[in-house]
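Read off the chains here:
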Amino acid sequence: MKVVVVGGTGLIGSKLVAKLAEHGHEAVAAAPNTGVNTLTGEGLAEVLAGAQVVVDVSNSPSFERAAVLEFFQTSTRNLLAAEVAAGVGHHVALSVVGTERMPENGYFAAKIAQEELIEKSSMPFSLVHATQFFEFVRAIADEATVGGKVHVAPVRFQPMAGEDVAAAVGRVAVGPPLNRRLEVGGPEQFRMDEFFRQALAAWGDRREVVTDAQARYFGSVPGERTLVPGEDALLGQIRYRDWLSRNASGK
């Protein structure tokens, strides 16, 4: 089948395009650098011609509250309208585990708004909620650093490899629409402060990790289970220590 991957040149999108192609599908990467702009609508009609499925793994270039909301609302409205016009039969969107549990977070609020547009549309859909990616763990540590120390809350944390995210999204994309949410997460669950102590040690990073119940996670204080999926989640196979051994930089 023809699957258009919006954000198909990014971290998850590029992996997804490759996996779909390996399984014999016509996977097309749609992004501004391939001539497709979901904010303006440029190139949408052309790239969606003949497509059975659209997978949206795109991300906002700005995480400022108003900007990220505008990005997801505008791009999703344009995508859904173009999909209806093109006769697409399945819209798949990648979202984040915990959106509804931390709505005060600007990014999470924007993802909630995106999902509401999809759920209220006439388009058959699937929503894949993923936990944080291994590839972003260093960025989380940097964001949490105050005065040379990494402040992390003692809450549950279940990150996963981008490769496993792409595999899960790919399986959903080529299957029938779920018309609901599917949660995916890593194979191991940690206490977040302990995870980062182990991770920084593995990186040879000498920064001290401080257990801080009020530590913020990209601007918001997470609860005990905000960032982990439910018991019925689909779990990836790649463990962080194995992923790190193949990605020495931790990126």
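Before any of the text, the structure's been laid out above.
Residues numbered from 1 in each chain as written. Predicted model: local features only at pLDDT ≥ 70, side-chain atom pairs only at ≥ 80, totals over all residues. Heavy atoms only, no water.

Draft legend 1. Region of the structure containing the overall build of the protein chain. On a plain count of helices and strands, the protein chain comes out with eight helices and twelve strands. Summarising its shape, the C-alpha atoms of the protein chain cover approximately 55 × 35 × 35 Å along the three principal directions. In the protein chain, buried positions account for 51% of the 251 residues. Restricting to contacts in the protein chain with at least 6 residues of sequence separation, those with at least 24 account for 80%. Surface accessibility of the protein chain: about 11,200 Å² in total, with carbon and sulfur atoms responsible for 51%. Counting 24 positive and 29 negative side-chain charges, the protein chain places the averaged centre of each group 5 Å from the other. (Helix = DSSP H or I, 4+ residues; strand = E, 2+ residues; numbered from the N terminus. Buried < 20%, exposed > 50% of the residue type's maximum accessible area, 1.4 Å probe, protein only. Contact = heavy atoms within 4.5 Å. Areas by Shrake-Rupley, 256 points an atom, 1.4 Å probe, with all protein chains shown as cover. Lys, Arg positive; Asp, Glu negative; His and termini not counted. Charge placed at Lys NZ, Arg CZ, Asp CG, Glu CD.)

Draft legend 2. Local environment of the packing of aromatic side chains. Summed over all chains, the structure comprises 13 aromatic pairs. Their ring planes at 80° and their centres at 5.2 Å tell us that phenylalanine 71 and phenylalanine 72 sit as a pair that is edge-to-face. Phenylalanine 72 shares its class with phenylalanine 71; the two are buried. Centroid distance phenylalanine 72 to tyrosine 107: 5.9 Å. Interplanar angle 80°. Geometry classified as edge-to-face. One end of the pair, phenylalanine 72, is in helix 3 (residues 65–86); the other, tyrosine 107, is in helix 4 (residues 106–120), with 35 residues separating them in the sequence. Members of the aromatic cluster, each reached through a chain of ring pairs, are Phe134, Phe157, Phe190, Phe195, Phe196, Tyr240 and Trp243. (Phe/Tyr/Trp six-rings, centres within 6.5 Å; stacked < 30°, edge-to-face > 60°.)

Draft legend 3. Quick peek at helix 6 (residues 162–173). With twelve residues, helix 6 should cover 16 Å at 1.5 Å per step; its first-to-last C-alpha distance of 16 Å lies within 8% of that length. The buried fraction of helix 6 amounts to ten of the twelve residues, a majority that puts the element mostly inside the structure. Residues Gly162, Asp164, Val165, Ala166, Ala167, Ala168, Val169, Gly170, Val172 and Ala173 constitute the buried set of helix 6. Buried positions along helix 6 lie against helix 1 (11–22), strand 3 (53–56), strand 4 (90–96), strand 5 (125–130), strand 9 (181–185) and strand 12 (234–235). (Expected span 1.5 Å × (residues − 1).)

Draft legend 4. Broad picture of empty space enclosed by the protein. Scanning the entire structure with this criterion turns up one cavity of 30 Å³ or more. Estimated volume of the largest cavity: approximately 100 Å³. Around the largest cavity sit 13 residues that line it, and Ile140, Ala144, His151, Arg216 and Tyr217 are the ones nearest its centre. Breaking the lining of the largest cavity down by element, the ones donating at least two residues are helix 5 (137–143), strand 7 (149–152) and helix 7 (192–203). (1 Å grid on protein atoms, 1.4 Å probe; cavity = no way out; pocket = protein on both sides within 12 Å on 5 of 7 lines; lining within 4 Å. Points joined across faces, edges and corners; volume = space filled by probe spheres on them.)

Draft legend 5. Geometry of the pairing of strand 9. Of all the five residues making up strand 9, four are buried; the element is thus mostly covered by neighbouring parts of the structure. The sheet contact formed by strand 5 and strand 9 spans four bridges and is parallel. Each bridged residue has a counterpart across the sheet, and for alanine 130 the counterpart in strand 9 is valine 184. Bridge count between strand 9 and strand 12: two bridges; the pairing is parallel. Bridge assignment links glycine 185 to a residue of strand 12, and that residue is leucine 235. (Pairing = 2+ DSSP bridges.)

Draft legend 6. Geometry of the sheet that holds strand 6 (residues 145–146). Read from one edge of the open sheet, three strands run 6-7-11, paired in mixed fashion. At either end of the open sheet lies a strand with only one pairing partner, and these are strand 6 and strand 11 (208–211). Where strand 7 and strand 11 come together, four bridges link them in parallel fashion. Its bridge partner being in strand 11, valine 152 is matched across the sheet by threonine 211. Its contacts with the sheet put helix 7 on strand 7 and strand 11, and the angle it makes with strand 11 is roughly 175°. (Axes fitted to C-alpha atoms, helices over the stretch in contact; angles between N-to-C directions.)

Draft legend 7. Structural context of the environment of tyrosine 107. On the accessibility criterion, tyrosine 107 (16% relative accessible area) is buried. Leave out the neighbours within four places in its chain, and tyrosine 107 touches Asn59, Phe63, Val68, Phe72 and Val96. Here the side chain of tyrosine 107 touches asparagine 59 through a polar contact of 2.8 Å, side chain to side chain. (Polar contact = N/O pair within 3.5 Å; in protein donor to acceptor, adjacent residues only side chain to side chain.)

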